[in-house]
Amino acid sequence: MNLQYWIDTTECVCGSERPIEGCLHCDLISLQQRLNDLFRTIEATGGVLQSGEEFLGPVGEPEWFDLADAYIGLCTVLEREPVYTKEDE
Ligand SMILES: [Zn+2]
């Protein structure tokens, strides 16, 4: 899934003459902004801690494995390179 593709190909209808309740285009832009906030928060501390071939939690909270899994999962579907810091650095 490439979110930018869907944003680019979906027409904004909330600014049209006969606006409908929801606007997928603007919802997608809002989703992209929230996702970027999440990425920025995790990446501000160095991303995810990497030990050998294994990813641990975020550098800011190395025990929080589920958050790192969710982050890497989002990076995968959005075709974004995850930021990581090697444990021994
Ligand atoms: Zn719109």
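In the block above lies the structure referred to throughout.
Residues numbered from 1 in each chain as written. Predicted model: local features only at pLDDT ≥ 70, side-chain atom pairs only at ≥ 80, totals over all residues.

**Q** Looking at this structure, how should I read the overall build of the protein?
**A** Counting its regular elements, the protein contains three helices and three strands. For the protein, the succession of helices and strands along the chain, N to C, is α-α-β-β-α-β. Expected size for 89 residues packed as a compact globule is a radius of gyration near 12 Å; at 17 Å, the protein overshoots this value by more than 25%. A buried classification covers 9% of the 89 residues belonging to the protein. Taking contacts inside the protein between residues at least 6 apart in sequence as the whole, the part at least 24 apart equals 34%. (Helix = DSSP H or I, 4+ residues; strand = E, 2+ residues; numbered from the N terminus. Rg over C-alpha atoms; globule rule 2.2 N^0.38 Å. Buried ≥ 20, exposed ≤ 12 C-beta atoms within 10 Å, placed from the backbone. Contact = placed C-beta atoms within 7 Å.)

**Q** Please clarify how the pairing of strand β2 (residues 54–58) should be interpreted in this entry.
**A** Sheet faces and side chains relate simply in a regular strand, where the side chains alternate between the two faces. Note: strand β1 (residues 48–51) against β2, three bridges, orientation antiparallel. Its bridge partner being in β2, S51 is matched across the sheet by E54. (Pairing = 2+ DSSP bridges.)

**Q** Please explain the sheet that holds β2 as it appears in this structure.
**A** The strands making up a sheet are joined through hydrogen bonds of the backbone, oriented either antiparallel or parallel. The three strands lie next to each other as β2-β1-β3, forming an open sheet whose pairing is mixed. Of all strands in the sheet, those with a lone pairing partner are β2 and β3 (84–86), marking the two edges. On average, adjacent strands in this sheet sit at an angle of 35 degrees to one another, irrespective of strand direction. Sheet strands touched by helix α3 (residues 65–77): β1 and β2. Its angle to β2, the strand with the most contacts, is close to 110 degrees. (Axes fitted to C-alpha atoms, helices over the stretch in contact; angles between N-to-C directions.)

**Q** I keep staring at the nonpolar core and nothing clicks. Help me out?
**A** Side chains of nonpolar character tend, in soluble globular proteins, to be buried together. If you look at the biggest cluster of nonpolar residues, it comprises six residues: I42, V48, L49, V59, A68 and Y71. Those elements that place two or more of their residues in this core are β1 and α3. When sequence neighbours within four positions are dropped, the list of residues in contact with I42 reads G47, P58 and Y71. (Core = buried A, V, L, I, M, F, W, Y, C linked by C-beta atoms within 7 Å.)

**Q** Explanation requested: the pairing of β1 in the structure shown.
**A** Between β1 and β2, which follow one another and run antiparallel, lie two residues, and G52 among them has a positive phi close to 65 degrees. The pairing of β1 with β3 spans three bridges and is parallel. Note on β3: the bridge partner recorded for Q50 is K86.

**Q** Got a minute to help me understand unusual backbone geometry in this structure?
**A** With the exception of glycine, most residues fall at negative phi, and the peptide bonds are largely trans. Unusually for a residue other than glycine, E79 sits at a positive phi of about 50 degrees. With respect to the secondary-structure elements, E79 resides in the loop between α3 and β3. In this structure E79 comes out as exposed when scored by C-beta crowding, with 10 C-beta atoms within 10 Å.

**Q** Any chance you could explain α3 here in plain terms?
**A** Since there are 3.6 residues in each turn of an α-helix, residues three or four apart along the chain are aligned in direction. Over its 13 residues, α3 extends 19 Å from the first C-alpha to the last, a length consistent with the 18 Å expected when each residue adds 1.5 Å. A positive backbone phi angle near 50 degrees is found at E79, which sits one or two residues after α3. (Expected span 1.5 Å × (residues − 1).)

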